[in-house]
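# Notes for the structure review
Each chain, written out:
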Amino acid sequence: MKILGYGKSLPNKIVSNDDLSKLVETSDEWIIQRTGIRNRRISDVNTSVLASQAALEAINDAQIDKDDIDLIICATMTADNATPSVACLVQKELGLENATAFDINGACTGFIYALKVVEGLLKLNHKKALVIGSEVMSKVIDFTDRNTCILFGDGAGAIVVEKGEDAYFFTKSKGNFDVLYAEGTSLNTDLDVKEITGGFLYMDGREVFKFAIRAMEEAILKVLEEANLTIDDIDMIIPHQANQRIISNVAKRMKIDESKFFMNLEEYGNTSAASVAIALTEAKKQNVIKEKDKVILVGFGAGLTWGSTLIEI
Ligand code: UT7
């Protein structure tokens, strides 16, 4: 696939570690030391609004006629509604009348899963696709739980792609309802008139930490193998922005210089499916990655899910 344009949208409201230490027993020092995160953004608009803003920026950056977009996929676990999808709401907002639109829920790996689906659909009959990662994680975060509320933030990233050089993929899932989950609405067998409510995100941080390191290492190695390349052929790795210590561990275990990993979690925290999309956009706009560079995008998340793609910019 070939990326034609990049976009992102981040809410204006910045919540610092000090702000969170007024809500839960924590400190700026603890959060920075254990995660590398200083700030995160909190949204006062829903997921589809951030998605539309990022998408519009990507379309303008691509300098294409919006009517040429025939596919919209949004990766998200915090959709505005059960239906219509965020992708359909973006389609309505931006008037993308010629597209097929749907969402993918792969949690924090969602953007990589979406790219894999897009790569396949471009080989069928689709020509230009809008691929978005958008989340308002603050909707599912319990701000009395210091284990999770310090980690997550809101935002969206988007790219426009068309058929190009082959992209390589490794993706995997392992069904698990123990270490990372957010419950949906409950059953209603008694046909009660009830208020529908969703569940907060629950996480066993230590277990997810261990899983993340193994998953990232496997995903990087497998995609290199798939492409028949070595790490020295790779210009930059853009990982899911969950925790600086996870990246440091992966870098150390794999003997990769940590500077090869593009990081921006200090300012945004973990934005789930948006994190790789935002980081990819920032890496391109800051000229950290350039045309023809070989880049690995790699992520892991609830599901459990994990995966990577190796693309040429
Ligand atoms: O997209 C995927 C999403 N999830 C992740 O990537 C999360 C992966 N896990 C992590 O990033 C880390 O496990 C955390 C940042 C969540 C926690 O860091 P940790 O170094 O694994 O800490 P811990 O859970 O082992 O806890 C160490 C201590 C505990 O106190 P005791 O039992 O040693 O007295 C915790 O109660 O730190 C305490 N603690 C905190 N202290 C201050 C836990 N959270 C906090 C906090 N502030 N926010």
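A brief structural summary. (Residues numbered from 1 in each chain as written. Predicted model: local features only at pLDDT ≥ 70, side-chain atom pairs only at ≥ 80, totals over all residues. Heavy atoms only, no water.)

### Quick notes on the overall build of the protein
- Regarding its fold elements, the protein presents 10 helices and 13 strands.
- For a compact globule of 313 residues, the expected C-alpha radius of gyration is about 20 Å, and the protein comes in at 19 Å, within 12% of that figure.
- Viewed in the frame of its principal axes, the protein has a C-alpha envelope of about 50 × 50 × 35 Å.
- In the protein, buried positions account for 55% of the 313 residues.
- Accessible surface computed for the protein: about 14,300 Å², of which carbon and sulfur atoms make up 46%. (Helix = DSSP H or I, 4+ residues; strand = E, 2+ residues; numbered from the N terminus. Rg over C-alpha atoms; globule rule 2.2 N^0.38 Å. Buried < 20%, exposed > 50% of the residue type's maximum accessible area, 1.4 Å probe, protein only. Areas by Shrake-Rupley, 256 points an atom, 1.4 Å probe, with all protein chains shown as cover.)

### So, the packing of aromatic side chains
- Scanning all chains against the criterion turns up 4 aromatic pairs.
- Between the aromatic rings of F177 and Y181, the centroid separation amounts to 4.7 Å while the plane-to-plane angle is 45°, which identifies the pairing as tilted.
- Residue F177 is classed as exposed on the basis of its relative accessible area, which comes to 54%.
- With centroids separated by 6.2 Å and ring planes inclined at 80°, the aromatic side chains of F211 and F300 adopt a geometry described as edge-to-face. Taken together, the residues F211 in helix α7 (residues 205–227) and F300 in strand β12 (residues 294–301) connect sequence positions 89 residues apart. Per residue, the accessibility class of F211 equals that of F300, and both read buried. (Phe/Tyr/Trp six-rings, centres within 6.5 Å; stacked < 30°, edge-to-face > 60°.)

### Some details on unusual backbone geometry
- Look at the link from T83 to P84: it is a cis peptide, with omega at 0°.
- In this fold, P84 is placed in the loop between β4 (71–75) and α4 (86–94).
- Of the consecutive residues G303 and L304, the connecting peptide bond is found in the cis state with omega at -5°.
- Mapped onto the elements, L304 comes out in the loop between β12 and β13 (305–312).
- Within the chain, N287 stands out as a residue other than glycine whose phi angle is a positive 60°.

### Looking at the site of the ligand
- Close to the ligand lie 22 residues; T26, R34, R206, N243 and R245 are nearest.
- Taken together, the elements giving at least two residues each to the shell around the ligand come down to α2 (28–35), α6 (146–149), α7 and α8 (244–254).
- The element best represented in the shell around the ligand is α7, accounting for 4 residues.
- Of the residues in the shell around the ligand, the class split is 10 nonpolar, 7 polar and 5 charged. (Near = heavy atom within 4 Å. Nonpolar A, V, L, I, M, F, W, Y, C, P; charged D, E, K, R; others polar.)

### So, a negative patch on the surface
- The grouping of D65, D67, D68 and E97 at the surface amounts to a negative patch.
- Tracing the sequence through the fold places D67 in the loop between α3 (47–62) and β4. (Patch = residues over 30% accessible without salt bridge, like charges linked within 9 Å, V, L, I, M, F, W, Y side chains within 5 Å. Salt bridge = Lys/Arg side-chain N within 4 Å of Asp/Glu carboxyl O. Lys, Arg positive; Asp, Glu negative; His and termini not counted. Charge placed at Lys NZ, Arg CZ, Asp CG, Glu CD.)

### Some points on the nonpolar core
- I220, I237, I246, V250, F261, I296 and F300 are the most contacted members of the largest nonpolar core, which has 50 residues in total.
- Looking at this core, the elements with two or more residues in it are β10 (201–203), α7, α8, β12 and β13.
- Here this core takes 12 residues from α7, the largest share from any one element.
- When residues are assigned to domains, this core turns out to be shared by domain 1 (2–162) and domain 2 (168–312), each giving three or more.
- Not counting chain neighbours up to four residues away, the residues in contact with I220 comprise I231, I237, V250, M254, F261, I296, V298 and S308.
- In terms of nonpolar packing, the next biggest core, distinct from the first, is built from 35 residues, L115, A167, I289 and V295 among them. (Core = buried A, V, L, I, M, F, W, Y, C linked by side-chain atoms within 4.5 Å. Domains from an automatic or database assignment. Contact = heavy atoms within 4.5 Å.)

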